[in-house]
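Each chain, written out:
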Amino acid sequence: MVSCKKLAQSLSAYMDGNLDHELCCEIEKHLSVCRRCSVLLDSVRKVLIVSGDERTFELPMGNEDRLHAFLSSRM
Ligand SMILES: [Zn+2]
């Protein structure tokens, strides 16, 4: 099984789908048993979602209510 340290190092490649299948399976195994790392993955994902939206999400003017609804649905 991969260590927590190895997992943290491979995390971004894992999320990009750039890992070979074997390592990917090892990481998923680790995540299913290691609470600390699954929490870490969760919070990294949230950060990526938020920053991804900032880059790609163009809000039409006057849609602040929708933005707020969108943001509160993420919290
Ligand atoms: Zn771990």
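See above for the structure.
Trainee: Got a minute to help me understand the coordination of the zinc ion in this structure?
Mentor: Six octahedral donors around a metal ideally subtend angles of 90 or 180 degrees, whereas four tetrahedral donors ideally subtend 109.5 degrees. At this site the zinc ion is bound by Cys-4 (SG), His-30 (NE2), Cys-34 (SG) and Cys-37 (SG), with donor distances of 2.0 to 2.3 Å. One way to put it: the four donor atoms around the zinc ion meet at angles of 105 to 113°, and that makes the site tetrahedral. Between consecutive donors of the zinc ion, the numbers of intervening residues give the motif C-x25-H-x3-C-x2-C. Of the two residues, Cys-4 sits in helix α1 (residues 4-16) while Cys-34 sits in the loop between α2 (21-33) and α3 (35-56), which places them 30 residues apart along the sequence.

Trainee: How should the nonpolar core be read in this particular structure?
Mentor: If you look at the biggest cluster of nonpolar residues, it comprises 10 residues: Val-2, Leu-7, Leu-11, Tyr-14, Leu-23, Ile-27, Leu-31, Cys-34, Cys-37 and Leu-41. Taken together, the elements giving at least two residues each to this core come down to α1, α2 and α3. If we skip the residues at most four places from it in the chain, Leu-7 touches Ile-27, His-30, Leu-31 and Cys-37.

Trainee: Honestly, the side chain of Ser-10 in this entry has me stumped. Any pointers?
Mentor: Mapping Ser-10 onto the fold places it in helix α1. Overall, the relative accessible area of 7% leaves Ser-10 in the buried class. Polar side-chain contacts of Ser-10 include one of 2.9 Å to the backbone oxygen of Lys-6. The contact partners of Ser-10, leaving out residues within four places of it in the chain, are Leu-19, Leu-23 and Ile-27.

Trainee: What am I meant to see in the state of the cysteines here?
Mentor: Covalently bonding the sulfur atom of one cysteine to the sulfur atom of another cysteine gives a disulfide. Considering all chains together, one arrives at zero disulfides under this definition. The thiol sulfur of Cys-24 is not disulfide-bonded, and the nearest other cysteine sulfur, from Cys-25, lies at 6.3 Å.

Trainee: Please explain the pattern of salt bridges as it appears in this structure.
Mentor: Here the idea is simple: oppositely charged side chains can pair when their charged atoms come close. As enumerated under the stated definition, the model contains one salt bridge in all. Close ionic contact of Glu-26 with Lys-29 constitutes a salt bridge, the shortest N to O distance being 3.4 Å. Here Lys-29 and Glu-26 lie together in helix α2, a separation of three residues that amounts to about one turn. Take Glu-26: its relative accessible area is 22%, and that puts it in the partly exposed class. Under the relative-accessibility criterion, Lys-29 is labelled partly exposed at 45%.

The rules behind the values
- Residues numbered from 1 in each chain as written.
- Predicted model: local features only at pLDDT ≥ 70, side-chain atom pairs only at ≥ 80, totals over all residues.
- Heavy atoms only, no water.
- Donors = N, O, S within 2.8 Å, 3.2 Å for Na, K, Ca; no water.
- Tetrahedral: all angles 85-135°; square planar, octahedral: opposite > 155°, others 65-115°.
- Helix = DSSP H or I, 4+ residues; strand = E, 2+ residues; numbered from the N terminus.
- Core = buried A, V, L, I, M, F, W, Y, C linked by side-chain atoms within 4.5 Å.
- Buried < 20%, exposed > 50% of the residue type's maximum accessible area, 1.4 Å probe, protein only.
- Contact = heavy atoms within 4.5 Å.
- Polar contact = N/O pair within 3.5 Å; in protein donor to acceptor, adjacent residues only side chain to side chain.
- Disulfide = S-S within 2.5 Å.
- Salt bridge = Lys/Arg side-chain N within 4 Å of Asp/Glu carboxyl O.

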